[in-house]
Amino acid sequence: MGGGAPLPSVQREITGPNQRWCWDISYLPNYDTSVFLSLYLLLNEFSRKAIHWLISWHQRPKEAQELLENALLSENILALPEPQRPEIVADRGRQMKASSIKTVFELHGVKGN
């Protein structure tokens, strides 16, 4: 019927930390007003804890991959059985849909969108 926006995906209810992480990339101004840095931030959706962050001059899948892998290691997620690892959600930007990011999810047994 109409050309409205697609329905949001249904996500399971979270009841504690490390069940779902969310991440995004934001622009940070610097001394040169025509150039921005990129802040990559990964949050625990339940507690809103900043799990990991990275600042870069670039927006490339390489930085996103580094963010995710370092967060999984620093939070000791890879020691958990796969069903207990967090789901990782994003706004589906270009870097977040890259094949290298999908490979990180598959390699480390986490679900991502």
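A. Structural view of unusual backbone geometry. For Asn18, which is not glycine, the phi torsion reads 60 degrees and is therefore positive. Within the element layout of this structure, Asn18 appears in the segment before strand S1 (20-29). In this structure, Arg48 takes a positive phi of about 65 degrees despite not being glycine. One can find Arg48 in the loop between strand S2 (36-44) and strand S3 (50-56).

B. The arrangement of a nonpolar patch on the surface in detail. There is a patch of nonpolar side chains on the surface, built from Tyr31, Val35 and Trp57 and spanning about 400 Å² of accessible area. Tracing the backbone through its elements, the reader meets Trp57 in the loop between S3 and helix H1 (61-74).

C. Representation of the pairing of S3. As paired elements, S2 and S3 share six bridges and run antiparallel to each other. Paired with Ser38 across the bridge in S3 is Ser56. Joining the antiparallel neighbours S2 and S3 is a turn of five residues, in which Arg48 adopts a positive phi near 65 degrees.

D. Structural view of the pairing of strand S4 (residues 87-90). Every second residue of S4 is oriented toward a common face, with Glu87 and Val89 on one face and Ile88 and Ala90 on the other, all of them buried. Of the strand pairs in this sheet, S1 and S4 are connected by four bridges, and their pairing is parallel. Following the sheet pairing, Trp21 is matched in S4 by Ile88. Taken together, the two bridges between S4 and strand S5 (residues 111-112) define a ladder with parallel strand orientation. Paired with Ile88 across the two strands is Gly112, which belongs to S5.

About the thresholds
- Residues numbered from 1 in each chain as written.
- Predicted model: local features only at pLDDT ≥ 70, side-chain atom pairs only at ≥ 80, totals over all residues.
- Heavy atoms only, no water.
- Helix = DSSP H or I, 4+ residues; strand = E, 2+ residues; numbered from the N terminus.
- Patch = residues over 30% accessible without salt bridge, like charges linked within 9 Å, V, L, I, M, F, W, Y side chains within 5 Å.
- Areas by Shrake-Rupley, 256 points an atom, 1.4 Å probe, with all protein chains shown as cover.
- Salt bridge = Lys/Arg side-chain N within 4 Å of Asp/Glu carboxyl O.
- Pairing = 2+ DSSP bridges.
- Buried < 20%, exposed > 50% of the residue type's maximum accessible area, 1.4 Å probe, protein only.

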